[in-house]
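Coordinate analysis (summary)
Here is how the chains run, residue by residue.
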Amino acid sequence: MRDFELSISNLLTGSDRSSEFVLEGRLANLFVTSSRVPDDALIHAQGRVEAVGEGMLVSLEVRTSFVGECVRCLGEVTGELLGSSRELFVDGDDTEEYYGYRGEVLDLTAAVSDLCILLLPPVPLCRDDCKGLCQYCGADLNDGPCGCEGDTGDPRWAVLDQL
């Protein structure tokens, strides 16, 4: 079985109504704007799967690390993602509303991937009070004032400035 697959044969036969699980693995290409889960980052997924009338109800919690680029100063941002969801898996193919499964194996890969992507910060900041870069010289203002003259204006418009 793959990293995020689990057997649900006991749930299908009715010998168990629910089952706890702990899974770990890696997934590639988890990113949004300026942040991503590194391809080599270990993703820890745990939760409970319950047999319900419509299919399998999965309570899922994921934990992993992320990296990104600060949208103000372009510095490196690192952190941890931690979140949870409840998803219904129905027998058959995936739909817009539900994840699908076939047979006795529940593949949580898409649910884990979707949750990680939803948890990624779309606008990562290295810190809340990041001052960013000088818009004229590009110096990092977190290191102090840049000392540049700022916008000296476009000499082609100097005649209009005198009006």
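Scroll up for the structure.
Presented here is a report on the structure given in the accompanying data block. (Residues numbered from 1 in each chain as written. Predicted model: local features only at pLDDT ≥ 70, side-chain atom pairs only at ≥ 80, totals over all residues. Heavy atoms only, no water.)

**A few points about the nonpolar core**
As a rule of thumb, soluble globular proteins bury nonpolar side chains together. Applied cut-off: Nine residue types can take part in a nonpolar core, namely buried Ala, Val, Leu, Ile, Met, Phe, Trp, Tyr and Cys, and a core is a set of them joined through side-chain atoms within 4.5 Å. Note on exposure labels: buried denotes an accessible area under 20% of the residue type's maximum, exposed denotes more than 50%, and partly exposed covers the range between, all computed with a 1.4 Å probe on protein chains only. Strands here mean DSSP runs of E at least two residues long; helices mean DSSP runs of H or I at least four residues long; both are numbered from the N terminus. Here, residues are in contact when the closest pair of their heavy atoms is within 4.5 Å.
Ranked by internal contacts, the top residues of the largest apolar core, which has 34 residues, are Met-56, Leu-60, Phe-89, Leu-106, Leu-108 and Val-112. At the level of secondary structure, the elements contributing two or more residues to this core comprise β2 (18–25), β5 (43–52), β6 (55–69), β7 (76–91), β8 (99–101) and α2 (109–119). For this core, the element with the most residues is β6, which contributes five residues. If we ignore the near neighbours within four places in the chain, the residues touching Leu-60 are Phe-21, Ala-45, Gln-46, Gly-83, Ser-84, Ser-85, Ala-111, Val-112 and Leu-115.

**Focus on the environment of Arg-48**
Inspection of the secondary structure puts Arg-48 in strand β5. Put simply, Arg-48 and Arg-26 are 22 residues apart on the chain and 20 Å apart in space, counted from C-alpha to C-alpha. The contact partners of Arg-48, leaving out residues within four places of it in the chain, are Ser-18, Ser-19, Glu-20, Phe-21, Leu-57, Val-58 and Ser-59.

**Here we look at the pairing of β7**
Note the cut-off: In this scheme, strands are said to pair when DSSP sees at least two bridges between them.
With 14 bridges joining them, β6 and β7 adopt antiparallel strand pairing. Looking at β7, one finds that Val-67 is bridged to Thr-78. Hairpin geometry of β6 and β7 is characterised by an intervening segment of six residues between the two adjacent antiparallel strands and by a positive phi of about 65° at Leu-74. Here β7 runs beside β8; their pairing, made up of three bridges, is parallel. Counted as the bridge partner of Asp-91 is Tyr-101 from β8.

**Some points on the environment of Ser-35**
Mapped onto the elements of the fold, Ser-35 is located in strand β4 (residues 35–37). Through-space distance from the C-alpha of Ser-35 to that of Glu-97 is 26 Å; in sequence the pair is 62 residues apart. Not counting residues up to four positions away in its chain, the partners in contact with Ser-35 are Phe-66, Val-67, Gly-68, Leu-120, Pro-121 and Pro-124.

**A look at the environment of Arg-2**
Using the following cut-off: Nitrogen and oxygen atoms within 3.5 Å of one another constitute a polar contact, given that in protein one can donate a hydrogen and the other can accept it, and given that sequence-neighbouring residues count only through two side-chain atoms.
As for its placement among the helices and strands, Arg-2 is situated in the segment before β1 (5–7). Here Arg-2 is in contact with Asp-107 and Thr-109, once residues within four sequence places are set aside. Reaching out from Arg-2, the side chain makes a polar contact with the side chain of Asp-107 at a distance of 2.6 Å.

**A few points about the state of the cysteines**
Cut-off, in case you're wondering: Two cysteine sulfurs form what is called a disulfide whenever their separation falls within 2.5 Å.
One pass over the full model with this rule turns up zero disulfides. The closest cysteine sulfur to the non-disulfide-bonded Cys-130 is located on Cys-73, 3.7 Å from its own sulfur. A relative accessible area of 6% places Cys-130 in the buried class. With no disulfide partner, Cys-148 has as its closest neighbouring cysteine sulfur the one in Cys-146, 3.5 Å distant.

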